Structure formats: C-alpha cells, structure tokens
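Listed below are the residues making up each chain.
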Amino acid sequence: MQLKQLNSLYSLLKTSELFGRYITNSHIEKCLEKFPKSLVSVIGYSEEERPIYSLKFGNGPIKILMWSQMHGNESTTTKALFDCFNLFETNNEIPNQILEACTLVIVPILNPDGAERYTRLNANAIDLNRDAQDLSQSESRVLRGMYDSFKPNYCFNLHGQRTIFGVGSSGVSATMSFLSPSQDEKRSLSPNRKSAMAVISAINEMLQLEVPDGIGRYDDGFNLNCVGDTFQNFGVPTILYESGHFPGDYNREEVRRLVFIAIIKGLKVISNGVDTTNYKNYFEIPENSKSFYDIIIRNAQVSENDNQLFDIAIQFKEVLKSKKIEFVPFVEKISKLDTFYGHKEIDVQGGFVRNAENLELKVAYEIVFVLVNNKKMSLNA
C-alpha cells in the first residue's frame, strides 16, 4: 500500500461536511444519513440522553473496536473516521482487503454531551478515560458493553492532544503520537503489547515520509482507570492514537489527513497479519515532551523598572462561541524560555512589549494583540 495512493484516495473521499474543531452529534448525523441504515446503530445514550452511534463494516474474522471523542473536544479523529467510512464504501483493493479480513465496529462520538459543550469531560464533569473501573457514567457502560458483546481482537482508542507537545528535545512539534498502553505496574512486554507496538511501528514508518521526526510516543505509566490500560490488561492489543499539531493547522485539517493515513495503515497491517518481531522499533520513537507554546515573543523588555530581557509565552484557549471555536491568546508565562519552542516565534530584539492598553503584561491576561515599541502586533492563530 503506497502513501501516494492513500493521499489520492483521501483527496477524493474527504467528508466536506465536517470541518474545524467543533464536531457534535448534529454534524455527524447529517453524514450518517448517507450510509445504508444496516451499517448504523444506536448502541446507547449519554448522561443527557443523546444517542451514541456505532457503524459496522466488514465481515472478516479479525474484530477491531474503535472509538473517538471519548473527550468531547478531541474531534480530529472523528473527522478522519468519516473519511475512512467513505473509503470503506468504495470498491477499492485497499478497503476490500481490510474488510475481507476484519470486522470493524466504530463509535465516532462516545461523549456527545462533552462534544456539544466542547469540553474534555462529560455532562457530569467526569473524565471517561478515568472511569474504566468504576463505570459510573452511561458512556463508559456503553463502551464496556460494546467491548463485552463484540469481543474485539484489537482496539483503537482515538484521541487528540494539545499544542504543547514536542517530539523529545528535537524542537519538532508532535504532529501525531501513539502508545501501546501498559497492562500492569511492571509494564510487562506481553504478546498483546508487542502486537500493538508492532502495528504502531509500521504506522510510524509510513508517517515519517509525511512528517519527518514529527511522531511522538507517550509515557507508558500504568493506570488501570484508563480505558486503554484496562483493555490491554484484558489481553487485547490496544493502540492509542493522538492527533496533535501541524504548523499553522489550528483547525487540524492537515492532521486529519495524517490520521486517515494512520488508521488505514494500522488496519492494513492487522489484516495482513501482525509480525510481532517488529515491536522493538516502537522504542525508537521519541517520547513526547511538554516543550511548546503557541507563540513565544523572544527578548522582550516588559517592565519600566527592569532592563532585563524576557521571553513571553502565549497560549491559545479554545473557546466555544456561537457554535464555533475561537482561539483566544492568553499570557501563559514570562520568563527565560531557552528550553521551550513556539509554534510561532517573534524576536523583538529588546523591544518594549505592553498590552493593548499600553500597560505591563501579566500572566493570565487575555491579549489579542501587543504593542511592541508602541506598534500594534496581532497574536491571532
């Protein structure tokens, strides 16, 4: 399977109705209408009685369970899933092989209440990814019920990560990250963990052609309250996908394409039979680091009483307004930030930086633009 072929298919099959960061049930329901009713089911309801949908593709012996938007504000993988759905409905050798070997059950939005609010948590302010043992929430019980009834051979746990992550100390943004979760405190390299690692290794090899050095790996500290750790603990190879930041791509449309590639590649590897001897390549993927801010203003004078130069870290807060996401800049830190990177960096070379009211900058201030030596500079995404 060639990368060029996948990119060509993506350009033809991208779901145009889904765009940007705010994706809810009302958005995907319009898309679900285009698929045969036999593929779509309501498998349960959220705490606020919103339907939780699933789609089923293929009839093969390898069963794969996938879910997205467990965290309501992590929508990139949901968009990519619908692009994959379009591919599955074509008569093409790539999906044909996958669907002959596999049966896929896919939940595009597990947390529709959180999606509606654009929050990580559900309507009861519970993180569903810390509810795998208590199963205190409707959404958690829906996912576990699907797991128990379907009895998957593999699980894909699809998420999104913040813009703060880089790949090790490289100064490269973590455009995508992966994890084969631990299944015990010892972080044992069990056969199912090795299988997940081997799949990730193959995905990484392909993605390196698109984003060289832009793929990270999450720390595998064990937490049985997390869904991935729990399913891995059950002996089922589980792969955590994290869609991250590509330069300038705050709507995550470029990353969406990469997620599409990563999902199809993962399915293709599984459908061909996983060679677990390739698991060692997983450890060559650098671990994520919290090393980025959205903007860093370098070498700025910030106080009339201090000639010392500082760096000013600006972070965007994602705010839901009129059913759209606005990226509102806030001052995150004022310090020397030599070990950090900005997705955008502005060197003011000792310039005097003030806020819009020509007052001294303070941490936690909302700041849409700054004055640099009394000249306005925009900080929009």
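Cut-offs used in this document
- Residues numbered from 1 in each chain as written.
- Predicted model: local features only at pLDDT ≥ 70, side-chain atom pairs only at ≥ 80, totals over all residues.
- Heavy atoms only, no water.
- Helix = DSSP H or I, 4+ residues; strand = E, 2+ residues; numbered from the N terminus.
- Buried < 20%, exposed > 50% of the residue type's maximum accessible area, 1.4 Å probe, protein only.
- Areas by Shrake-Rupley, 256 points an atom, 1.4 Å probe, with all protein chains shown as cover.
- Lys, Arg positive; Asp, Glu negative; His and termini not counted.
- Charge placed at Lys NZ, Arg CZ, Asp CG, Glu CD.
- Pairing = 2+ DSSP bridges.
- Axes fitted to C-alpha atoms, helices over the stretch in contact; angles between N-to-C directions.
- Phe/Tyr/Trp six-rings, centres within 6.5 Å; stacked < 30°, edge-to-face > 60°.
- Lys NZ or Arg CZ within 6 Å of the ring centre and 35° of its normal.
- Expected span 1.5 Å × (residues − 1).
- Core = buried A, V, L, I, M, F, W, Y, C linked by side-chain atoms within 4.5 Å.
- Contact = heavy atoms within 4.5 Å.
- Salt bridge = Lys/Arg side-chain N within 4 Å of Asp/Glu carboxyl O.
- Parallel < 35°, antiparallel > 145°, perpendicular 65-115°, else oblique.
- Left-handed = near helix turned anticlockwise from the far one by under 90°.
- Arc of directions from axis to C-beta.

Asks: Help me understand the overall build of the chain in this model?
Replies: A tally of helices and strands in the chain yields nine helices and 17 strands. Put simply, the chain has 381 residues, and 57% of those count as buried. Total accessible area on the chain stands at roughly 16000 Å², and carbon and sulfur atoms take up 47% of it. Separation between the mean location of the 41 positive side-chain charges and that of the 46 negative ones in the chain comes to 1 Å.

Asks: Hey, could you run me through the sheet that holds strand 3 (residues 62-67) in this one?
Replies: For sheets, the rule is that strands pair by backbone hydrogen bonds, running either parallel or antiparallel. With mixed pairing, the eight strands of this open sheet are ordered in space as 1-2-4-3-5-9-7-8. Two strands bound the open sheet, and with one partner strand each, they are strand 1 (40-45) and strand 8 (215-217). Each neighbouring strand pair of the sheet contributes to a mean axis angle of 20 degrees, computed without reference to strand direction. The pairing of strand 7 (residues 176-179) with strand 9 (residues 238-243) spans four bridges and is classified as antiparallel. For Met-176, the partnering residue across the bridge sits in strand 9 and is Ser-243.

Asks: Sorry, what's going on with the sheet that holds strand 15 (residues 353-354) here?
Replies: Pairing within the open sheet is antiparallel, and its three strands lie in the order 15-16-17. A strand with exactly one partner marks an edge of an open sheet, and here the two such strands are strand 15 and strand 17 (375-378).

Asks: Help me understand the packing of aromatic side chains in this model?
Replies: Here a ring pair, both rings aromatic, is described through the centre-centre distance and the interplanar angle of the planes. According to the stated counting rule, one finds 18 aromatic pairs in the structure shown. Ring centres 6.5 Å apart and planes at 65 degrees place the aromatic pair Tyr-22 and Tyr-118 in the edge-to-face group. Here the residue Tyr-22 occupies a position in the loop between helix 1 (3-13) and helix 2 (25-32), and Tyr-118 occupies one in the loop between helix 5 (112-117) and helix 6 (138-150), the gap between them amounting to 96 residues. Here Tyr-22 and Tyr-118 have matching classes, each one buried. A cation over an aromatic ring shows up here: Arg-217 above the ring of Tyr-282, its NZ or CZ 5.5 Å from the ring centre. One residue, Lys-376, lies across the ring of Phe-369, its end atom 4.4 Å from the ring centre.

Asks: How should I be thinking about helix 7 (residues 191-207) in this particular structure?
Replies: Count 3.6 residues to each turn of an α-helix, and residues three or four apart come out pointing the same way. For helix 7, with 17 residues, the first-to-last C-alpha span of 24 Å sits near the 24 Å given by 1.5 Å per residue. The buried fraction of helix 7 amounts to 14 of the 17 residues, a majority that puts the element mostly inside the structure.

Asks: When you look at the nonpolar core in this model, what are you seeing that I'm missing?
Replies: Most often, soluble globular proteins have nonpolar side chains that are buried together. With 71 residues, the main nonpolar core has Phe-88, Met-176, Phe-178 and Tyr-241 as its most contacted residues. Residue contacts for Phe-88: discarding those within four places in its chain leaves Phe-57, Pro-95, Leu-99, Leu-104, Ile-106, Ile-264 and Leu-267. Core analysis: the second largest hydrophobic core is formed by 22 residues, Tyr-22, Ile-295, Ile-297 and Ile-325 among them.

Asks: In this structure, what is going on with the pattern of salt bridges? I would like to understand it.
Replies: It is possible for side chains of opposite charge to pair when their charged atoms get near one another. Applying the stated rule across the entire model yields 23 salt bridges. Taking the shortest distance from any N to any O, the salt bridge between Arg-298 and Asp-311 comes out at 3.2 Å. You can see Arg-298 sitting in strand 11 (residues 292-303) and its partner Asp-311 sitting in strand 12 (residues 306-321), a full 13 residues away along the chain. Given a relative accessible area of 2%, Asp-311 falls into the buried group. A cluster of three or more residues bridged by salt bridges with shared partners is formed by Lys-14, Lys-79, Asp-83, Glu-253 and Arg-256.

Asks: Is there a simple way to think about the packing of helix 7 against helix 9 (residues 253-272) in this case?
Replies: How two helices sit against one another is set out by the angle between their axes and by the gap between those axes. Their axes nearest at 9 Å, the elements helix 7 and helix 9 cross at an angle of 135 degrees. Regarding the angle of helix 7 to helix 9, the classification is oblique. Here helix 7 runs over helix 9; the crossing is right-handed. Counting all contacts with helix 7, which are made through Val-199, Ala-202, Ile-203, Met-206 and Leu-207, the residues of helix 9 involved are Leu-258, Ile-261, Ala-262, Lys-265, Gly-266, Val-269 and Ile-270.

Asks: What should I look at first to understand helix 2 in this one?
Replies: Along helix 2, the positions that sit buried rather than exposed are Asn-25, Ile-28, Cys-31 and Leu-32. End-on, the buried residues of helix 2 take up no more than an arc of 120 degrees, which puts them together on one face. Summarising the contacts, the buried residues of helix 2 are in contact with strand 1, strand 2 (51-57), helix 3 (76-88) and helix 5.

Asks: Explain the pairing of strand 1 to me, please; I cannot follow it from the model alone.
Replies: The side chains of a regular strand alternate between both faces of the sheet. Judged from the five bridges that link them, strand 1 and strand 2 form a sheet pairing that is antiparallel. Within strand 2, the position partnered with Ser-41 by the bridge is Ser-54. Here strand 1 hands over to strand 2 after five residues, with Glu-49 in that stretch at a positive phi of 65 degrees.

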